[in-house]
Amino acid sequence: MSVGHYENFPVGSLVLPRRLRRPVHAIYAFARTADDLADEGDLPNEERLRRLDDLRAELARIGAGQSPHTALMQRLQREAVRPFGLPLEPFYDLLSAFSQDVVKTRYQHFGELVDYARRSANPVGRLLLHLYGRTDPLSLAQSDGICTALQLINFWQDVAVDWQKGRVYLPQDDLQKFRVSEAQIAAGQADAAFQRLMAHQCERAHKILKAGSPLGKTLPGRIGFELRLIILGGQTILQKLETNRYDVFTRRPVLGAKDWWLMLKRAWLKR
């Protein structure tokens with residue numbers, strides 16, 4: 001699950017077993033709050049980093065068996081960390097990624113993006129697996145693949161949005177390879193070179209998502225159904241990008257009511 005604005009993927013939906021909804025919502029609230037600190041509003045970078053450091057201090061209090069100061073972190077401790085014995089490392093990884101977003105706006109190569117996804121998206125999947133009681137190496141690896149792919153897909157659908165924030169997640173070496181300049185991104189030119197660049201990036205994301213997708217069938221019941229919906233959401237966005245010839249400047253791909261109906265049907269049939 002990408003922590004990016006989550007609008008394409010269900011988070012703690014009614015599909016999940018009731019006992020997991022509160023901890024999933026608590027994890028979501030933490031991730032959403034931290035992500036917004038890095039992205040939203042007009043705070044200076046120094047203040048953004050300071051507030052993210054405050055969340056680290058709250059995690060340290062939880063780790064020391066103390067009560068956090070804020071309602072957000074008290075909820076996280078009470079509804080997720082304590083009853084399920086969740087590790088704190090994934091939360092620290094999320095804060096590391098969000099802090100990086102404040103200061104890093106370009107990525108030289110694809111490996112840097114994968115490392116970012118390892119900390120920005122994969123921790124959420126790992127935390128959910130801990131809630132489900134599935135922490136075997138294969139399940140964790142497949143979850144990492146799904147989450148990394150979803151983060152990449154979020155990047156590709158948001159090229160124009162991220163440009164407005166001063167960020168370019170398309171790898172710099174690929175921009176050079178496909179002869180796409182940042183001036184073209186600024187101008188919103190989805191020409192043939194840009195289309196080839198985006199097709200290359202989307203193919204990468206598709207392969208990574210496909211490698212992790214068996215987890216949607218091995219997880220049982222409602223949990224597996226929820227994950228199949230998430231995977232189908234990523235696949236559908238990739239299809240929309242291709243259909244629109246990767247023109248993310250005039251039409252940002254999103255999931256509509258018809259998409260959700262088809263995804264629900266397919267997720268049910270794939271059980």
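All values derive from a computational prediction rather than experimental measurement.

*Asks:* What am I meant to see in the confidence of the model for the protein chain here?
*Replies:* Atomic detail in the predicted coordinates should be set aside for any region of low pLDDT. The pLDDT averaged across the protein chain works out to 92; a share of 94% of its residues lies at or above 70. Segment residues 1-12: pLDDT under 50, and 55 contacts once partners within four positions in sequence are set aside and those in other chains are kept.

*Asks:* I tried to follow the packing of aromatic side chains on my own but got confused; where do I start?
*Replies:* Geometrically, a pair of aromatic rings is defined through the distance of the ring centres and the angle of the planes. Taken as a whole and assessed by the stated rule, the structure comprises nine aromatic pairs. Judged by centre distance (6.0 Å) and plane angle (70 degrees), the ring pair of Tyr107 and Tyr116 falls under edge-to-face. Judged by relative accessible area, Tyr107 falls into the buried class, the value being 0%. On the accessibility criterion, Tyr116 (3% relative accessible area) is buried.

*Asks:* How should the nonpolar core be read in this particular structure?
*Replies:* One recurring pattern in soluble globular proteins: nonpolar side chains tend to sit buried together. Counting residues in each nonpolar core, the largest one holds 77 residues, and the members touching the most others are Phe30, Leu76, Phe91, Tyr132, Trp156, Leu170 and Phe194. Tallying contributions element by element places helix H13 (residues 221-243) first for this core, with ten residues.

*Asks:* Can you walk me through a nonpolar patch on the surface in this structure?
*Replies:* Taken together, Trp261, Leu262 and Leu264 make up a surface patch of nonpolar side chains, about 320 Å² in accessible area. By secondary structure assignment, the location of Leu262 is in helix H14 (residues 257-269).

*Asks:* Would you mind showing me how to read the environment of Gln195 here?
*Replies:* Along the chain, Gln195 falls in helix H11 (residues 192-212). Using a relative accessible area of 17% as the deciding quantity, one classes Gln195 as buried. For Gln195 and Val180, which are 15 residues apart along the polypeptide, the C-alpha to C-alpha distance reads 9.7 Å. Residues within four places of Gln195 in sequence aside, it is in contact with Ala190, Arg245 and Tyr246.

*Asks:* Hey, could you run me through unusual backbone geometry in this one?
*Replies:* Peptide bonds are, in most cases, trans, and in most cases residues other than glycine have a negative phi. One non-glycine residue, Arg245, lies in positive phi territory at about 55 degrees. Within the secondary structure layout, Arg245 lies in the loop between H13 and H14. The backbone of Tyr246 sits at a positive phi, close to 60 degrees, despite the residue not being glycine. With respect to the helices, strands and loops of the structure, Tyr246 is situated in the loop between H13 and H14. For Tyr246, a relative accessible area of 11% translates into the label buried.

*Asks:* Would you take a moment to explain helix H4 (residues 89-103) for this structure?
*Replies:* What sets the pattern is the α-helix's 3.6 residues per turn: residues three or four places apart point alike. Taking 1.5 Å of rise per residue, the 15 residues of H4 would be expected to cover 21 Å, and the 22 Å separating its terminal C-alpha atoms lies within 8% of that figure. In terms of burial, H4 is largely enclosed, as eleven of its 15 residues are buried. For H4, the complete set of buried residues consists of Pro90, Phe91, Asp93, Leu94, Leu95, Ala97, Phe98, Ser99, Gln100, Asp101 and Val102.

Conventions used here
- Sequence order sets the numbering: in each chain, residues are counted from 1 along the sequence as written.
- Selection of residues for local features in this predicted model requires a pLDDT of at least 70, selection of side-chain atom pairs for listing and counting requires 80 or more, and totals for whole chains, interfaces and linings are taken over all residues.
- With hydrogens and water stripped out, all remaining heavy atoms of the structure feed into the side-chain values.
- Known as pLDDT, the predictor's confidence for each residue is given on a scale from 0 to 100.
- Note on contacts: a residue pair is in contact if any heavy atoms of the two residues lie within 4.5 Å.
- Aromatic contacts are taken between Phe, Tyr and Trp rings whose centres are within 6.5 Å, Trp giving its six-membered ring; a plane angle under 30 degrees counts as stacked, one over 60 as edge-to-face, and the others as tilted.
- Between buried and exposed lies partly exposed: a residue is buried under 20% and exposed over 50% of the maximum accessible area for its type, with that area taken using a 1.4 Å probe on protein chains only.
- Throughout this description, the term nonpolar core refers to a set of buried Ala, Val, Leu, Ile, Met, Phe, Trp, Tyr and Cys residues connected via side-chain atoms within 4.5 Å.
- Helix and strand assignments come from DSSP, with helices taken as H or I runs of at least 4 residues and strands as E runs of at least 2, each series counted from the N terminus.
- Patch membership is restricted to residues that have no salt bridge and whose relative accessible area is over 30%. Joining uses 9 Å for like charges and 5 Å for the nonpolar side chains Val, Leu, Ile, Met, Phe, Trp and Tyr.
- Only the protein chains shown count as cover for residues, and the accessible areas themselves come from Shrake-Rupley with a 1.4 Å probe.
- In what follows, salt bridge is the name for a side-chain nitrogen of Lys or Arg lying within 4 Å of a carboxyl oxygen of Asp or Glu.
- Multiplying 1.5 Å by the helix residue count minus one yields the expected span of that helix.

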